[in-house]
Amino acid sequence: MFHGGKLRRRTVIDVNTAECIGYVSDIEIDEMNGRVCAVIIRRHAGWWASFFHIGEISVPWHAITAMSDDFLLVKSFNFEENT
């Protein structure tokens, strides 16, 4: 069984550029079918950023190519940052 809380604070890395995109802060779940839709990535650290959801990116679940205990690898796509 998979627990969504285990994803928190994992490093997210772009497969093509090897760039650290940020860290997992949350997940989005489709309420109709109970499936994970996306992973929310926090790019900026700090209390204000987390409180106001500044610098968060929604990465679609299908963009994740691999995951381990420490990181997630994602395919490149147009990241839309919440500012």
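Rules used throughout
- Residues numbered from 1 in each chain as written.
- Predicted model: local features only at pLDDT ≥ 70, side-chain atom pairs only at ≥ 80, totals over all residues.
- Heavy atoms only, no water.
- Helix = DSSP H or I, 4+ residues; strand = E, 2+ residues; numbered from the N terminus.
- Buried < 20%, exposed > 50% of the residue type's maximum accessible area, 1.4 Å probe, protein only.
- Lys, Arg positive; Asp, Glu negative; His and termini not counted.
- Salt bridge = Lys/Arg side-chain N within 4 Å of Asp/Glu carboxyl O.
- Contact = heavy atoms within 4.5 Å.
- Pairing = 2+ DSSP bridges.

### Looking at the environment of Glu28
Relative to the elements of secondary structure, Glu28 occurs in strand E2 (residues 20-29). On a C-alpha basis, the gap between Glu28 and Val59 in space is 9.6 Å, while along the polypeptide they are 31 residues apart.

### A closer look at the side chain of Arg10
Structurally, Arg10 is set in the segment before strand E1 (11-14). Asp69 provides the closest opposite charge to the buried, salt-bridge-free Arg10, at an N-O distance of 4.4 Å. Beyond its immediate chain neighbours, meaning those up to four positions away, Arg10 contacts Gly22, Tyr23, Val24, Met67, Ser68, Asp69, Asp70, Phe71 and Leu72.

### Observations regarding unusual backbone geometry
Within the chain, Ala18 stands out as a residue other than glycine whose phi angle is a positive 60°. Within the element layout of this structure, Ala18 appears in the loop between E1 and E2.

### Observations regarding the pairing of strand E3 (residues 36-42)
The side chains of a regular strand alternate, first on one face of the sheet and then on the other. As paired elements, E2 and E3 share six bridges and run antiparallel to each other. Residue pairing in the sheet places Ile29 in a bridge with Val36 of E3. What sits between E2 and E3 in their antiparallel hairpin is a turn of six residues, with Gly34 showing a positive phi close to 75°. As judged from the five bridges shared by E3 and strand E4 (residues 56-60), these two strands associate in the antiparallel manner. Note that in E4 the partner of Ile40 across the bridge is Ser58.

### Here we look at the environment of Ser58
Considering the arrangement of structural elements, one finds Ser58 in strand E4. Its relative accessible area of 32% is what places Ser58 among the partly exposed residues. For the pair Ser58 and Asp26, spaced 32 residues apart in sequence, the C-alpha separation works out to 9.4 Å.

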